[in-house]
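The primary structure of each chain is shown beneath.
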Amino acid sequence: LLRAALEGGVPYVGLVASRPRGSGVIAELRADGVAGELLEALDVPAGIDIGARTPAEVAVSILAKLIAARRQSGWSAPNAGGVATAVDPICGMAVATNGSTVSLEIDGERYFFCCEGCRSQFEARRHAGAGA
């Protein structure tokens with residue numbers, strides 16, 4: 001699975017393992033012919049080093065790493081559950097694009113927002129830009 005993820009171009013691949021176990025897995029992958037530059041992309045142990053000890057802390061460190069990787073590279077998370085989503089143009093939050101989501105249509109294009117505040121900011125910026 002690790003090999004497939006690395007060779008398939010998955011943006012972040014992490015292995016939840018101790019450093020010694022991770023080194024062993026990397027050695028096995030190298031022996032199986034996985035390219036060195038791909039192995040360098042493997043995050044072992046997975047996550048940001050925050051001194052995590054409990055399973056919950058490890059989970060937080062991995063989620064933090066995923067968020068950092070996502071923001072740095074611009075990739076987006078897969079859409080869970082088949083729910084259509086859009087990105088709020090003000091705060092960058094992913095929002096569902098259903099009938100109850102705050103939205104605004106301009107010149108045939110619909111923009112979706114996490115809240116009325118972001119929609120108001122969007123309109124204010126749009127009007128400020130039109131007057132400039």
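Everything below is about the structure printed above this text.
In this text, all values refer to a predicted model and were calculated from it rather than measured experimentally.

**Student:** Quick one: what's the story with the pairing of strand β5 (residues 102–106), residue by residue and with numbers?
**Tutor:** Here β5 shows a buried face lined by Val-102, Leu-104 and Ile-106 and an unburied face lined by Ser-103 and Glu-105. Between the antiparallel neighbours β5 and strand β6 (residues 109–113) lie 2 residues, among them Asp-107 with a positive phi of about 50°.

**Student:** Give a detailed account of the nonpolar core, specifying residues and quantitative values.
**Tutor:** Core analysis: the biggest nonpolar cluster contains 12 residues, these being Ala-5, Leu-6, Val-13, Leu-15, Ala-17, Val-25, Ile-26, Leu-29, Val-34, Leu-39, Leu-42 and Val-44. Looking at this core, the elements with two or more residues in it are α1 (2–7) and α2 (19–31). Tallying contributions element by element places α2 first for this core, with 3 residues. Excluding anything up to four places from it in sequence, Leu-42 contacts Leu-2, Leu-6, Val-13, Gly-14, Leu-15, Ile-26 and Leu-29. With 7 residues, the next largest nonpolar core counts Ile-90, Leu-104, Ile-106 and Phe-113 among its residues.

**Student:** Residues and numbers for the packing of aromatic side chains, please.
**Tutor:** Within this structure, the stated rule accounts for 2 aromatic pairs. With a centroid separation of 4.7 Å and 40° between ring planes, the pair formed by Tyr-111 and Phe-122 is classed as tilted. Of this pair, Tyr-111 sits in strand β6 while Phe-122 sits in helix α5 (residues 116–131); the two residues are 11 residues apart in sequence, bridging distant segments of the chain. Judged by relative accessible area, Phe-122 falls into the buried class, the value being 14%. Put simply, the rings of Tyr-111, Phe-113 and Phe-122 pair up and form one aromatic cluster.

**Student:** Just give me the short version of the pattern of salt bridges, but keep the residues and values in it.
**Tutor:** Inspection of every chain in the model, using the stated rule, returns 5 salt bridges. In this structure, Glu-105 and Arg-110 form a salt bridge, with 2.9 Å as the shortest nitrogen-oxygen distance. A salt bridge links Glu-123 to Arg-119; its shortest N-O distance comes to 3.7 Å. In this pair, Glu-123 and Arg-119 are both assigned in helix α5, 4 residues apart and thus about one turn of the helix distant. With a relative accessible area of 25%, Glu-123 lands in the partly exposed category. Residues joined in a network through salt bridges with shared partners are Glu-116, Arg-119 and Glu-123.

Here is what the cut-offs are and how they apply
Residues numbered from 1 in each chain as written. Predicted model: local features only at pLDDT ≥ 70, side-chain atom pairs only at ≥ 80, totals over all residues. Heavy atoms only, no water. Buried < 20%, exposed > 50% of the residue type's maximum accessible area, 1.4 Å probe, protein only. Helix = DSSP H or I, 4+ residues; strand = E, 2+ residues; numbered from the N terminus. Pairing = 2+ DSSP bridges. Core = buried A, V, L, I, M, F, W, Y, C linked by side-chain atoms within 4.5 Å. Contact = heavy atoms within 4.5 Å. Phe/Tyr/Trp six-rings, centres within 6.5 Å; stacked < 30°, edge-to-face > 60°. Salt bridge = Lys/Arg side-chain N within 4 Å of Asp/Glu carboxyl O.

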